[in-house]
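# Architecture at a glance
Spelled out, the chains give:
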Amino acid sequence: MTVTVLIADDQKVVRDGLAMMLGLLDDIEVVGTALDGADALRQAAVADPDVILMDLNMPTLDGVAATAQLTASGGRARVVVLTTYADDGSVFRALQAGARGYLTKDAGAEEIRQAIVTVAAGEAQLDPTVQRRLLEALASGASFGVATAGGDNLTAREEDVLREIAGGRTNPEIAAHLHVSEATVKTHINHLLAKTGLRDRAALVAYAFRTGRIR
């Protein structure tokens, strides 16, 4: 199975290098390169890639904001962040926005390929060093002010849907996984937004992390 990939990075040499490297792999097809987050969203709407390989620090619209918009729209593409930034705040903001993979730019070709394929299959893939530091920070709760769940009176099914959204699944995928209709999923999402007082899908993803539903 071939995974289609859109590359988003404001540095042309990086875009071209990644496109050349990934183009040599049999199971990956590069369907476009974008120079910032806004360009990535425009191209994704047309090319419909399986995965967007997203830099964080870009002009016009950065990688976190672009990922959050993609998540909020219920877009099919999943995001793998590839960046020079490995600090806890950058990692957590990207994951809150909906990224399912996070690598630093010293990752090798096989690491990048594996992250793309893994995330396309619906799983998460983090750089081992990043994952260890993130788990330590989440366990302490000190770096991100992690809150505990409670007070929102969510039903068991609403909890299920919230976890599915935080896992990066689209409405059709949630419906299939929970064996319900898409209309039912939309109803549960509306209930979630009403009960939590949040405005959109991206905010629900962040809420799931803040309240400890996703670790």
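Parameters at a glance
Positions within a chain are numbered from 1, following the residues in the order the chain's sequence is written. Totals for whole chains, interfaces and linings use all residues, but because this is a predicted model, local features are given only for residues with pLDDT of at least 70 and pairs of side-chain atoms are given and counted only at 80 or more. Heavy atoms from the whole structure form the basis of all side-chain values; hydrogens and water molecules are not counted. Here a helix means four or more residues in a row that DSSP labels H or I, a strand means two or more in a row labelled E, and each is numbered from the N terminus. With a 1.4 Å probe rolled over the protein chains alone, any residue whose accessible area is under 20% of its type maximum counts as buried; one over 50% counts as exposed, and the rest are partly exposed. Contacts are assigned to residue pairs with any non-hydrogen atoms lying within 4.5 Å of each other. Throughout, the Shrake-Rupley method with a 1.4 Å probe supplies accessible areas, and for residues the shown protein chains are the sole cover considered. Each residue carries a pLDDT score, the predictor's own confidence in it, on a scale running from 0 to 100. Residues belong to a common nonpolar core when they are buried Ala, Val, Leu, Ile, Met, Phe, Trp, Tyr or Cys residues joined through side-chain atoms within 4.5 Å. Pairing between two strands is assigned when DSSP locates at least 2 bridges connecting them. The axes used here are C-alpha line fits, helices contributing only the stretch in contact, and every angle between their N-to-C directions lies in the interval 0 to 180 degrees. Reported orientations rely on four angle classes, namely roughly parallel under 35 degrees, roughly antiparallel over 145, roughly perpendicular from 65 to 115, and oblique for the rest. Residues are grouped as follows: Ala, Val, Leu, Ile, Met, Phe, Trp, Tyr, Cys and Pro are nonpolar; Asp, Glu, Lys and Arg are charged; every other residue, Gly included, is polar. We define a salt bridge as a contact between a side-chain nitrogen of Lys or Arg and a carboxyl oxygen of Asp or Glu at a distance within 4 Å.

Moving on, we get to the overall build of the protein. Across its full length, the protein carries 10 helices and 6 strands. Here the protein, with 215 residues, has 50% of them falling under the buried criterion. Pairs at least 24 apart in sequence give 66% of the contacts found in the protein among residues at least 6 apart. Counting only carbon and sulfur atoms, one obtains 52% of the accessible surface of the protein, whose full area is about 9900 Å².

Attention now goes to the confidence of the model for the protein. Of all residues in the protein, 89% attain a pLDDT of 70 or more, and the chain-wide mean is 85. Within the protein, strand 1 (residues 3-8) carries the highest mean pLDDT (98), whereas helix 6 (residues 128-140) carries the lowest (70). Across residues 142-149, confidence stays below pLDDT 50; counting only partners more than four residues off in sequence or on other chains, it has 21 contacts.

The next thing to look at is the nonpolar core. In globular proteins that are soluble, nonpolar side chains generally tend to be buried together. Core analysis: the biggest nonpolar cluster contains 43 residues, and I52, Y102, I165 and L204 have the highest contact counts within it. Ranked by residues supplied to this core, first place goes to helix 10 (residues 201-210) with 5 residues. Not counting chain neighbours up to four residues away, the residues in contact with Y102 comprise L56, V81, T83, Y85, A86, S90, V91, A94, Q125, L126, D127 and V130. Judged by nonpolar contacts, the second largest core, of 17 residues, contains I7, V14, A107 and V119.

In this section: helix 7 (residues 156-166). Three or more residues of helix 7 are buried, namely E158, E159, V161, L162, E164, I165 and A166. After helix 7 finishes, the residue G168 shows a positive phi value of roughly 90 degrees.

Successive residues of a regular strand alternate their side chains across the two faces of the sheet. Alternating residues of strand 3 (residues 51-54) divide into V51 and L53 and I52 and M54, and every residue in both groups is buried. The pairing of strand 1 with strand 3 spans 4 bridges and is classified as parallel. Residue pairing for strand 3: I7 is matched across the bridge by L53. Sheet topology note: the strand 3/strand 4 (residues 78-83) ladder contains 4 bridges and is parallel.

Next up on the list: the packing of helix 7 against helix 10. Packing of helix 7 against helix 10 leaves a shortest axis separation of 9 Å and a crossing angle of 100 degrees. Classified by the angle their axes make, helix 7 and helix 10 are roughly perpendicular. Along its contact with helix 7, which presents L162, I165 and A166, the element helix 10 presents R201, L204, V205, Y207 and A208. Of the residues that constitute the contact of helix 7 with helix 10, the class distribution is 7 nonpolar, no polar and 1 charged.

The next subject is the pairing of strand 5 (residues 101-104). Residue alternation in strand 5 divides its side chains into two sets, G101 and L103 and Y102 and T104, and both sets are buried. One ladder, built from 4 bridges, connects strand 4 with strand 5; its direction is parallel. Residue V80 lies in a different strand from strand 5, and its bridge partner there is G101. Here strand 5 runs beside strand 6 (residues 125-126); their pairing, made up of 2 bridges, is parallel.

The next subject is the side chain of R113. Within the element layout of this structure, R113 appears in helix 5 (residues 109-120). Assessed through its relative accessible area of 16%, R113 is described here as buried. Once residues within four sequence positions are removed from consideration, R113 is found in contact with L25, D27 and I28.

Examined against the element boundaries, L192 turns out to sit in helix 9 (residues 182-196). Using a relative accessible area of 0% as the deciding quantity, one classes L192 as buried. The sequence separation of L192 and E159 amounts to 33 residues, and the corresponding C-alpha distance is 8.7 Å.

This brings us to the pattern of salt bridges. A complete count under the given rule lists 14 salt bridges for this structure. The partner of R113 in a salt bridge is D27, with the nearest N and O atoms 2.7 Å apart. Of the two residues, R113 is situated in helix 5 and D27 in the loop between helix 1 (12-23) and strand 2 (28-34); the sequence distance between them amounts to 86 residues. Here E164 and R169 are joined by a salt bridge, their closest N and O atoms 3.1 Å apart.

Consider a sheet: its strands pair through backbone hydrogen bonds, and that pairing is either parallel or antiparallel. Spatially, 2-1-3-4-5-6 is the arrangement adopted by the 6 strands of the open sheet, whose pairing is parallel. With partners counted over all chains shown, the strands left at the sheet margins are strand 2 and strand 6, one partner each.

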